[in-house]
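Listed here are the chains, written in short residue letters.
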Amino acid sequence: MTLTLADIERLRARAADAEDHVALEMDEDTFRGFYDRTARPLRSYLARVADPREADDLLQETYYRFLRGRTRYESEEHRRNSLFTIATNVARDRRRRRRADPVAGATGAVEDLASAGDRTAPHAETRADVGRAMGRLKPRERGLLWLAYGQGWSHREIAGALGLRPASIKPLLFRARRRLASLLRAGAPGAREIGR
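Residues numbered from 1 in each chain as written. Predicted model: local features only at pLDDT ≥ 70, side-chain atom pairs only at ≥ 80, totals over all residues. Heavy atoms only, no water.

(A) The arrangement of the overall build of the protein chain in detail. Across its full length, the protein chain holds 9 helices and 0 strands. Mapped in sequence order, the helices and strands of the protein chain form the string α-α-α-α-α-α-α-α-α. A burial count over the protein chain gives 34% of its 196 residues as buried. Of the contacts made within the protein chain by residues no fewer than 6 positions apart, 67% connect residues no fewer than 24 positions apart. Accessible area for the protein chain stands at about 12500 Å²; split by element, carbon and sulfur atoms hold 53% of it. (Helix = DSSP H or I, 4+ residues; strand = E, 2+ residues; numbered from the N terminus. Buried < 20%, exposed > 50% of the residue type's maximum accessible area, 1.4 Å probe, protein only. Contact = heavy atoms within 4.5 Å. Areas by Shrake-Rupley, 256 points an atom, 1.4 Å probe, with all protein chains shown as cover.)

This is how it looks when you write it as structure tokens:
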């Protein structure tokens, strides 16, 4: 097959149109609506899988990477799952950098749930216990529990957001719940976790 100069120009024009379409797929109004629907649950998710004091920075980095990717999405669910996948990776990157830099790692602390939300006396102790127990879970376990019970996502949605197989979500959630329950039963703030 021989290509003429006109054929090459047509192919270039099509490629440029396709690139423009991808770049313009999410205009400002579309992004604003998407942001309004996803920012709050995404920030809550980041506050649970990472240091809550860094959640705003991680949120900003997530949306930056999301927009920079200029990816085509099949649906709103696909777009949202991609956003949460990016957020998970951003949080992992931050943890890896902290491990590589011990000084920066020392400044990051686990979330103290007693200082957030409902501060009434009957709930403060429970929130503190849950906060300590959640802080001792692995980041993926915290993320799974938050997406399943904090956000009410289905197993398929969680799998898409975290890059896991849908069939693996049920056993992973079971293990995370069991581990959280054992930490809560241990009760004492200084109690050591068995089998870690």
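(B) Examining the packing of helix α8 (residues 155-162) against helix α9 (residues 166-186) more closely. Where α8 meets α9, the closest approach of the two axes is 8 Å, and the angle between their N-to-C directions is 100°. Here α9 runs roughly perpendicular to α8, going by the angle between their axes. Between α8 and α9, the contacting residues are H155, R156, I158 and A159 on the first element and P166, I169, K170 and L173 on the second. A breakdown of the residues in the contact of α8 with α9 according to their chemical character gives 5 nonpolar, 1 polar and 2 charged. (Axes fitted to C-alpha atoms, helices over the stretch in contact; angles between N-to-C directions. Parallel < 35°, antiparallel > 145°, perpendicular 65-115°, else oblique. Nonpolar A, V, L, I, M, F, W, Y, C, P; charged D, E, K, R; others polar.)

(C) How the structure looks around the packing of aromatic side chains. If you walk through the whole model with that rule in mind, you get 7 aromatic pairs. Between F31 and Y63, the aromatic rings sit 5.8 Å apart at their centres with planes inclined by 85°, giving edge-to-face as the arrangement. Highlighted residues: F31 in helix α2 (residues 28-49) and Y63 in helix α3 (residues 55-69), separated in sequence by 32 residues. Here the aromatic rings of Y35 and Y63 are separated by 4.8 Å at their centres, their planes lie at 55°, and the arrangement is tilted. Residue Y35 is found in helix α2, and its partner Y63 is found in helix α3; the two are separated by 28 residues along the sequence. (Phe/Tyr/Trp six-rings, centres within 6.5 Å; stacked < 30°, edge-to-face > 60°.)

(D) The arrangement of the nonpolar core in detail. Ranked by size, the top nonpolar core spans 41 residues in total, and within it L42, Y45, L46, Y63 and I158 carry the most contacts. Mapped onto this core, the elements with two or more residues apiece are α2, α3, α4 (76-100), α6 (121-136), α7 (139-150), α8 and α9. When residues in this core are grouped by element, the largest group, 8 residues, is from α2. Setting aside anything within four residues of it in sequence, one finds Y45 in contact with F84, A87, T88, G143, W146, L147 and L162. (Core = buried A, V, L, I, M, F, W, Y, C linked by side-chain atoms within 4.5 Å.)

(E) Broad picture of the pattern of salt bridges. Under the counting rule described, the total for this entry stands at 13 salt bridges. D51 is the partner of R53 in a salt bridge, and the nearest nitrogen-oxygen pair spans 2.9 Å. Given a relative accessible area of 8%, D51 falls into the buried group. When the shortest N-O distance is used, the salt bridge between E76 and R79 registers 3.6 Å. Linking E76 with R79, this pair stays in helix α4, spanning 3 residues, or about one helical turn. With a relative accessible area of 10%, R79 lands in the buried category. (Salt bridge = Lys/Arg side-chain N within 4 Å of Asp/Glu carboxyl O.)

(F) Local environment of α3. Between the first and last C-alpha of α3 there are 21 Å, a value that for 15 residues agrees with the 21 Å anticipated at 1.5 Å per step. Every buried residue belonging to α3 is among A55, L58, L59, T62, Y63 and F66, and all of these are buried. Along the long axis of α3, the arc covered by the buried residues comes to 135°, so they all point the same way. Residues of α3 that are exposed and point over 90 degrees away from its buried face: Q60 and R68. In the stretch just after α3, R70 is the one whose phi turns positive, near 50°. (Expected span 1.5 Å × (residues − 1). Arc of directions from axis to C-beta.)

(G) Structural view of the side chain of R142. Mapped onto the secondary structure, R142 falls in helix α7. Looking at R142, its side chain comes within polar contact range of the main-chain oxygen of L137, at 2.8 Å. Apart from the residues lying within four places of it in its own chain, the contact partners of R142 are R48, V49, A50, M134, G135 and L137. (Polar contact = N/O pair within 3.5 Å; in protein donor to acceptor, adjacent residues only side chain to side chain.)

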